[in-house]
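Per-entry structural report
Listed here are the chains, written in short residue letters.
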Amino acid sequence: MRLHVVNPNTTATMTAKIAAAARAVALPDTVIDARQPTMGPVSIEGFYDEAFAVPGMLGCIREADRDGADAHIIACFDDTGLDAARAVAQAPVIGIGEAGFHMASLIAARFAVVTTLSVSIVPIEHNLTKYGLAARCASVRAAEVPVLALEERNADAIGKISSEITAAIRENRTEAIVLGCAGMADLAAELADTHGLPVIDGVAAAVTLAEGLVRLGLKTSRLGPYASPRAKAYSGLLASFQP
(Lines give C-alpha, C1' and ligand atoms only; values in the text may rest on other atoms or scores of the structure.)
Protein backbone atom coordinates (compact mmCIF):
# COMPACT_ATOMS: atom_id res chain seq x y z
CA MET A 1 0.00 0.00 0.00
CA ARG A 2 1.28 3.47 -0.92
CA LEU A 3 0.04 6.49 1.06
CA HIS A 4 0.82 9.97 -0.20
CA VAL A 5 1.16 12.44 2.68
CA VAL A 6 1.20 16.02 1.43
CA ASN A 7 2.32 18.95 3.56
CA PRO A 8 0.50 21.90 1.93
CA ASN A 9 3.17 24.39 2.98
CA THR A 10 6.61 24.60 1.38
CA THR A 11 8.78 23.87 4.45
CA ALA A 12 10.72 20.68 3.74
CA THR A 13 11.82 20.14 7.35
CA MET A 14 8.19 20.05 8.46
CA THR A 15 7.43 17.56 5.69
CA ALA A 16 10.21 15.33 7.05
CA LYS A 17 8.76 15.58 10.57
CA ILE A 18 5.29 14.69 9.30
CA ALA A 19 6.68 11.76 7.31
CA ALA A 20 8.41 10.38 10.42
CA ALA A 21 5.15 10.57 12.39
CA ALA A 22 3.30 8.78 9.59
CA ARG A 23 5.87 6.01 9.29
CA ALA A 24 5.84 5.47 13.06
CA VAL A 25 2.21 4.26 12.96
CA ALA A 26 1.94 2.83 9.43
CA LEU A 27 1.53 -0.89 8.89
CA PRO A 28 4.66 -2.80 7.80
CA ASP A 29 3.46 -3.08 4.19
CA THR A 30 2.60 0.63 3.91
CA VAL A 31 4.95 2.95 2.01
CA ILE A 32 4.77 6.61 3.05
CA ASP A 33 5.42 9.03 0.19
CA ALA A 34 5.72 12.52 1.71
CA ARG A 35 5.80 15.64 -0.46
CA GLN A 36 5.37 19.40 -0.28
CA PRO A 37 4.66 21.88 -3.10
CA THR A 38 7.26 24.20 -4.57
CA MET A 39 4.81 27.13 -4.62
CA GLY A 40 2.88 28.58 -1.69
CA PRO A 41 3.43 29.82 1.88
CA VAL A 42 6.08 28.43 4.25
CA SER A 43 3.36 27.92 6.87
CA ILE A 44 -0.44 28.00 6.89
CA GLU A 45 -1.90 30.23 9.56
CA GLY A 46 -5.46 31.19 8.67
CA PHE A 47 -7.69 31.70 5.64
CA TYR A 48 -5.29 33.87 3.62
CA ASP A 49 -2.40 31.39 3.68
CA GLU A 50 -4.77 28.55 2.90
CA ALA A 51 -5.92 30.16 -0.35
CA PHE A 52 -2.36 30.35 -1.67
CA ALA A 53 -1.47 26.83 -0.53
CA VAL A 54 -4.20 24.97 -2.42
CA PRO A 55 -2.91 25.11 -6.05
CA GLY A 56 0.53 23.72 -5.21
CA MET A 57 -0.96 21.05 -2.97
CA LEU A 58 -3.37 19.91 -5.69
CA GLY A 59 -0.39 19.65 -8.03
CA CYS A 60 1.29 17.27 -5.57
CA ILE A 61 -1.86 15.17 -5.38
CA ARG A 62 -2.16 14.88 -9.13
CA GLU A 63 1.50 13.84 -9.39
CA ALA A 64 1.09 11.25 -6.63
CA ASP A 65 -1.99 9.85 -8.36
CA ARG A 66 0.09 9.32 -11.49
CA ASP A 67 2.74 7.61 -9.34
CA GLY A 68 0.20 5.09 -8.03
CA ALA A 69 -0.88 6.45 -4.65
CA ASP A 70 -3.57 4.34 -2.98
CA ALA A 71 -4.72 7.23 -0.76
CA HIS A 72 -3.80 10.82 0.02
CA ILE A 73 -3.47 12.57 3.39
CA ILE A 74 -3.55 16.36 3.66
CA ALA A 75 -1.23 17.14 6.56
CA CYS A 76 -2.57 20.54 7.57
CA PHE A 77 -5.01 20.67 10.46
CA ASP A 78 -7.25 23.18 8.65
CA ASP A 79 -7.82 20.42 6.05
CA THR A 80 -6.57 22.82 3.41
CA GLY A 81 -8.24 22.24 0.04
CA LEU A 82 -9.81 18.93 1.15
CA ASP A 83 -12.99 19.22 -0.92
CA ALA A 84 -11.12 20.25 -4.07
CA ALA A 85 -8.65 17.42 -3.54
CA ARG A 86 -11.45 14.86 -3.27
CA ALA A 87 -12.92 16.12 -6.53
CA VAL A 88 -9.66 15.81 -8.46
CA ALA A 89 -7.88 12.83 -6.85
CA GLN A 90 -8.26 9.31 -8.19
CA ALA A 91 -7.56 7.85 -4.72
CA PRO A 92 -9.43 8.70 -1.48
CA VAL A 93 -8.32 11.79 0.47
CA ILE A 94 -8.31 12.32 4.25
CA GLY A 95 -7.54 15.54 6.12
CA ILE A 96 -5.72 15.27 9.44
CA GLY A 97 -8.18 17.61 11.15
CA GLU A 98 -11.18 15.54 10.12
CA ALA A 99 -9.36 12.34 11.09
CA GLY A 100 -8.42 13.69 14.52
CA PHE A 101 -11.98 14.85 15.26
CA HIS A 102 -13.49 11.51 14.31
CA MET A 103 -10.96 9.52 16.33
CA ALA A 104 -11.64 11.70 19.37
CA SER A 105 -15.38 11.25 19.02
CA LEU A 106 -14.91 7.47 19.26
CA ILE A 107 -13.17 7.57 22.64
CA ALA A 108 -14.55 10.63 24.44
CA ALA A 109 -17.91 12.32 24.92
CA ARG A 110 -16.21 15.73 24.90
CA PHE A 111 -12.88 16.62 23.33
CA ALA A 112 -10.93 19.84 22.93
CA VAL A 113 -8.59 21.05 20.21
CA VAL A 114 -5.32 22.80 21.04
CA THR A 115 -3.95 24.62 18.02
CA THR A 116 -1.16 27.09 17.29
CA LEU A 117 -2.50 30.64 16.82
CA SER A 118 -5.86 32.29 17.48
CA VAL A 119 -6.25 32.99 13.77
CA SER A 120 -6.80 29.24 13.28
CA ILE A 121 -9.65 28.94 15.80
CA VAL A 122 -12.48 30.01 13.50
CA PRO A 123 -11.39 27.83 10.52
CA ILE A 124 -11.26 24.84 12.88
CA GLU A 125 -14.67 25.69 14.32
CA HIS A 126 -16.07 25.96 10.80
CA ASN A 127 -14.76 22.49 10.01
CA LEU A 128 -16.20 21.00 13.20
CA THR A 129 -19.62 22.34 12.21
CA LYS A 130 -19.20 21.11 8.64
CA TYR A 131 -18.30 17.60 9.84
CA GLY A 132 -21.20 17.51 12.32
CA LEU A 133 -18.94 17.31 15.37
CA ALA A 134 -19.20 20.83 16.83
CA ALA A 135 -21.42 19.62 19.67
CA ARG A 136 -18.77 17.10 20.73
CA CYS A 137 -15.98 19.69 20.92
CA ALA A 138 -15.76 21.40 24.30
CA SER A 139 -13.41 24.14 23.06
CA VAL A 140 -10.86 25.13 20.44
CA ARG A 141 -7.90 26.75 22.19
CA ALA A 142 -4.77 28.45 20.83
CA ALA A 143 -1.38 28.17 22.51
CA GLU A 144 -0.20 31.27 20.58
CA VAL A 145 2.74 29.35 19.14
CA PRO A 146 3.66 30.06 15.48
CA VAL A 147 3.70 26.96 13.29
CA LEU A 148 7.40 27.21 12.49
CA ALA A 149 8.24 27.38 16.21
CA LEU A 150 7.33 23.68 16.27
CA GLU A 151 10.13 22.78 13.89
CA GLU A 152 12.32 21.90 16.86
CA ARG A 153 11.38 20.74 20.37
CA ASN A 154 11.04 24.25 21.75
CA ALA A 155 10.50 24.00 25.52
CA ASP A 156 8.57 27.27 25.66
CA ALA A 157 6.22 26.16 22.88
CA ILE A 158 5.62 22.77 24.49
CA GLY A 159 4.93 24.49 27.80
CA LYS A 160 2.29 26.74 26.23
CA ILE A 161 0.57 23.78 24.57
CA SER A 162 0.63 21.86 27.85
CA SER A 163 -0.86 24.82 29.70
CA GLU A 164 -3.78 24.95 27.27
CA ILE A 165 -4.44 21.26 27.83
CA THR A 166 -4.51 21.86 31.59
CA ALA A 167 -6.98 24.72 31.07
CA ALA A 168 -9.17 22.61 28.77
CA ILE A 169 -9.41 19.87 31.40
CA ARG A 170 -10.16 22.33 34.20
CA GLU A 171 -12.43 24.81 32.41
CA ASN A 172 -14.10 22.72 29.70
CA ARG A 173 -14.24 19.27 31.33
CA THR A 174 -12.61 17.82 28.25
CA GLU A 175 -11.86 14.08 28.15
CA ALA A 176 -9.48 13.98 25.18
CA ILE A 177 -7.27 16.41 23.28
CA VAL A 178 -6.78 16.73 19.54
CA LEU A 179 -3.52 18.46 18.63
CA GLY A 180 -4.36 21.13 16.09
CA CYS A 181 -1.23 21.22 13.94
CA ALA A 182 0.79 18.65 12.02
CA GLY A 183 3.90 20.18 13.59
CA MET A 184 2.76 18.84 16.98
CA ALA A 185 2.77 15.23 15.76
CA ASP A 186 5.74 14.18 17.89
CA LEU A 187 4.25 15.56 21.12
CA ALA A 188 1.13 13.37 21.47
CA ALA A 189 2.56 10.54 23.59
CA GLU A 190 4.46 12.88 25.90
CA LEU A 191 1.43 15.10 26.51
CA ALA A 192 -0.84 12.11 27.06
CA ASP A 193 1.50 10.83 29.79
CA THR A 194 1.74 14.28 31.39
CA HIS A 195 -1.99 14.94 31.54
CA GLY A 196 -3.44 11.45 31.90
CA LEU A 197 -5.91 11.57 29.01
CA PRO A 198 -5.88 10.57 25.32
CA VAL A 199 -4.01 13.01 23.09
CA ILE A 200 -4.61 12.52 19.39
CA ASP A 201 -2.23 13.44 16.59
CA GLY A 202 -4.12 13.97 13.35
CA VAL A 203 -1.29 12.58 11.20
CA ALA A 204 -1.37 9.22 12.99
CA ALA A 205 -5.18 9.19 12.93
CA ALA A 206 -5.27 9.93 9.19
CA VAL A 207 -2.73 7.22 8.34
CA THR A 208 -4.74 4.63 10.24
CA LEU A 209 -8.01 5.67 8.59
CA ALA A 210 -6.45 5.82 5.12
CA GLU A 211 -5.08 2.29 5.52
CA GLY A 212 -8.58 1.14 6.46
CA LEU A 213 -10.15 2.73 3.39
CA VAL A 214 -7.60 1.13 1.10
CA ARG A 215 -7.98 -2.30 2.69
CA LEU A 216 -11.78 -2.06 2.33
CA GLY A 217 -11.46 -0.96 -1.29
CA LEU A 218 -13.41 2.27 -0.66
CA LYS A 219 -12.99 5.34 -2.86
CA THR A 220 -14.55 8.79 -3.05
CA SER A 221 -18.12 8.78 -4.39
CA ARG A 222 -18.58 10.65 -7.66
CA LEU A 223 -22.36 11.01 -7.24
CA GLY A 224 -22.39 14.55 -5.90
CA PRO A 225 -20.00 17.43 -5.18
CA TYR A 226 -16.93 15.21 -5.57
CA ALA A 227 -17.71 14.46 -9.20
CA SER A 228 -14.65 14.95 -11.40
CA PRO A 229 -14.33 18.60 -12.53
CA ARG A 230 -15.49 19.42 -16.03
CA ALA A 231 -12.70 20.08 -18.49
CA LYS A 232 -12.04 23.77 -19.05
CA ALA A 233 -9.11 26.08 -19.67
CA TYR A 234 -7.21 27.70 -16.79
CA SER A 235 -5.22 30.88 -17.41
CA GLY A 236 -1.90 32.30 -16.33
CA LEU A 237 -0.02 30.48 -13.58
CA LEU A 238 -2.89 27.99 -13.30
CA ALA A 239 -2.76 26.88 -16.93
CA SER A 240 -1.28 23.51 -15.90
CA PHE A 241 -4.17 22.81 -13.49
CA GLN A 242 -6.86 22.14 -16.06
CA PRO A 243 -8.50 18.75 -15.36
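Residues numbered from 1 in each chain as written. Predicted model: local features only at pLDDT ≥ 70, side-chain atom pairs only at ≥ 80, totals over all residues. Heavy atoms only, no water.

What follows is about the packing of aromatic side chains. Across all of its chains, the model carries four aromatic pairs by this definition. Considering the side-chain rings of Y48 and F52, the 4.9 Å spacing of their centres and the 55° angle between planes classify their relative orientation as tilted. One end of the pair is Y48 and the other is F52, both in helix α2 (residues 47-66) and four residues apart, which spans about a single turn. Judged by its relative accessible area of 46%, F52 is partly exposed. Measuring from centroid to centroid gives 6.2 Å for F101 and F111, while their planes differ by 20°, and the two rings are stacked. (Phe/Tyr/Trp six-rings, centres within 6.5 Å; stacked < 30°, edge-to-face > 60°. Helix = DSSP H or I, 4+ residues; strand = E, 2+ residues; numbered from the N terminus. Buried < 20%, exposed > 50% of the residue type's maximum accessible area, 1.4 Å probe, protein only.)

Here we come to the pattern of salt bridges. It is possible for side chains of opposite charge to pair when their charged atoms get near one another. Under the counting rule described, the total for this entry stands at twelve salt bridges. For the salt bridge of R2 with D33, the shortest nitrogen-to-oxygen distance reads 3.8 Å. A residue pair is termed long-range when its members are at least 10 positions apart, and R2 in strand β1 (residues 2-6) and D33 in strand β2 (residues 31-35) qualify at 31 residues. Exposure remark for R2: the relative accessible area of 30% places this residue in the partly exposed category. Assessed through its relative accessible area of 12%, D33 is described here as buried. (Salt bridge = Lys/Arg side-chain N within 4 Å of Asp/Glu carboxyl O.)

To continue, consider the pairing of strand β3 (residues 71-74). The alternating pattern of β3 places A71 and I73 on one face and H72 and I74 on the opposite face, and all of these are buried. Two elements, β1 and β3, share four bridges in a ladder whose sense is parallel. Bridge pairing in β3 places H4 opposite H72. One ladder, built from three bridges, connects β3 with strand β4 (residues 93-95); its direction is parallel. Residue H72 lies in a different strand from β4, and its bridge partner there is V93. Running through helix α3 (residues 82-88), the crossover from β3 to the neighbouring parallel element β4 is right-handed. (Pairing = 2+ DSSP bridges. Right-handed = clockwise from strand over helix to strand, strands pointing away.)

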